[in-house]
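# Report on the structure
Chain by chain, the residues:
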Amino acid sequence: MNLQEAFEYQADTCSRMGSPFMGKLLTILAADWPADRALGRKFAAFEGDIGPAGHSLPLRIAGGLHALVLNRAAPDLAALYPPHATSDAALRDAVLAALSRHETFLLDWTKSAPQTNEVRRSAALIAGAHAALQHFDLPIHLSELGASGGLNLMWDHFALEIDGTRFGAQTPVLTLTPEWTGPLPPAARPLVASRAGVDLNPLDPGRSEDLLRLTAYLWADQPERLVLTRAAASVATTPVARGDAIDWLARRLPSAPQGRLHLIQHTVAWQYFPKPVRDRGRAMIEAAGAKATANRPLAWLSMESDGDTTGKIGAALSLRLWPGDITLDLGRADFHGRWIKWTHG
């Protein structure tokens, strides 16, 4: 996949995920990318997969442009971003001008991969935790791999509402209302007794520059995501450790306390680990599961792409539980949590 193809692929993906503005922006970048400038030379030097499963270069530059809008550094560009309507030609001229005028900022911004920390994925985490507690009703010792800014570590502060039935916090800082099909999750009262997360590049939502990075990767014509992210950031008080997820988990697994359900969670993160790392992580979790007891059980909750393209674009929801090595297919979810097809009854 060359850079133009990566922009076009990402444009199509964003359009299908409900963002016509991102579709338009990335189509402009595909056609008019400044290959002869420093940004163009930098992007041309990347090796390997530059698309959404790899370096994700289209989303890096789109996030940088949105950051310029959010931090009021590019008022001419902001005047053409949602909620304002504009022509393709006017947006093209403003984008190309911003790429030139703010090139130093964008060169720095695009050094690291996108981090969205999509809060609406917590709808699947809330439902998955309820399913786990149906088997082991204990306070939760929570561990998140690829936690980014730690927003989804705080799912017990959120509510999930399905057709008038509410799950989760009684006084939530935000309420998630995905399009839901299938049976309701099991009734439960999750209590998160302790929590921790890890990321190669952790962000602190309490720092303005980190919150800017978390919000800039949200799509400008989806303002509800911005509202949810800022609400979640208001309660995200658990620092995320910096490091390799599997090395961190190797230290954390033996420390899980008695009388707690150790719940390992990850959403659209595991799939980006190199295969040898995934293999080592799976073997490590299964070995810990073999030692689990009814008073020190282990649960592994994942929301990850499984390559299934036969229906809606989305991720598989799965849950493994020990002792007993129980595997539950919970269903599927939109990568942004807009819908959940729940199959666990």
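Described in the following lines is the structure provided in the data block. For clarity, every value in this text was computed on a predicted model and none was experimentally measured. (Residues numbered from 1 in each chain as written. Predicted model: local features only at pLDDT ≥ 70, side-chain atom pairs only at ≥ 80, totals over all residues. Heavy atoms only, no water.)

Counting 85 residues, the largest nonpolar core has Leu29, Leu65 and Trp155 as the members making the most contacts within it. No other element matches the nine residues that helix H8 (residues 122–133) contributes to this core. Setting aside residues no more than four positions away along its own chain, Trp155 makes contact with Ser122, Leu125, Ile126, Ala129, Ile140, Leu142, Pro190, Val192, Leu263 and Gln265. With 18 residues, the next largest nonpolar core counts Leu253, Ile264, Met284 and Ile285 among its residues. (Core = buried A, V, L, I, M, F, W, Y, C linked by side-chain atoms within 4.5 Å. Buried < 20%, exposed > 50% of the residue type's maximum accessible area, 1.4 Å probe, protein only. Helix = DSSP H or I, 4+ residues; strand = E, 2+ residues; numbered from the N terminus. Contact = heavy atoms within 4.5 Å.)

Following both chains from N to C, one finds helix H2 (residues 20–32) and helix H6 (residues 88–101) inclined at 65 degrees, their axes separated by 10 Å at the closest point. Note that H2 runs across H6; the crossing there is right-handed. Every residue of H6 that contacts H2 at Phe21, Lys24, Leu25, Ile28, Leu29 and Asp32 is listed here: Asp88, Leu91, Arg92, Val95, Leu96 and Leu99. For the contact of H2 with H6, the residue count by class is eight nonpolar, no polar and four charged. (Axes fitted to C-alpha atoms, helices over the stretch in contact; angles between N-to-C directions. Left-handed = near helix turned anticlockwise from the far one by under 90°. Nonpolar A, V, L, I, M, F, W, Y, C, P; charged D, E, K, R; others polar.)

In this section: helix H12 (residues 275–290). In this model H12 runs 22 Å from its N-terminal to its C-terminal C-alpha over 16 residues, within 8% of the 22 Å that 1.5 Å per residue would give. Restricting attention to buried positions, one finds in H12 the residues Val277, Gly281, Met284, Ile285 and Gly289. On an axial view of H12, the arc spanned by its buried residues comes to 135 degrees, and they lie on one face. Exposed side of H12, more than 90 degrees from the buried face: Pro276 and Ala290 are the residues found there. Each element contacted by the buried residues of H12 is listed here: helix H11 (245–252), strand E8 (261–267), strand E9 (298–304) and strand E10 (315–322). (Expected span 1.5 Å × (residues − 1). Arc of directions from axis to C-beta.)

Burial runs high along strand E1 (residues 140–145): six of the six residues are buried. In this sheet, strand E6 (residues 192–199) lies alongside E1 in parallel orientation, the contact comprising six bridges. Bridging from a neighbouring strand, His141 pairs with Ser194 of E6. Here five bridges tie E1 to E8, and the two strands are oriented parallel to one another. The residue of E8 that forms the bridge with Ser143 is Ile264. (Pairing = 2+ DSSP bridges.)

What holds strands together in a sheet is hydrogen bonding between their backbones, with the strands either parallel or antiparallel. Taken together, nine strands build an open sheet; the order of strands is E5-E12-E11-E10-E9-E8-E1-E6-E7 and the sheet is mixed. Looking at the sheet topology across the chains shown, the edges are occupied by strand E5 (179–181) and strand E7 (240–242). Strand-to-strand, the axes of this sheet are offset by a mean angle of 20 degrees, without reference to chain direction.

Attention now moves to the pattern of salt bridges. In the structure shown here, the tally under the stated rule is 21 salt bridges. The shortest N-O distance in the salt bridge between Arg320 and Glu286 comes to 2.8 Å. Here Arg320, found in strand E10, pairs with Glu286, found in helix H12; they are 34 residues apart in sequence, far enough to count as distant. The class of Arg320 is buried, set by a relative accessible area of 17%. Because the salt bridges share partners, they merge into one network encompassing Glu118, Arg120, Glu224 and Arg225. (Salt bridge = Lys/Arg side-chain N within 4 Å of Asp/Glu carboxyl O.)

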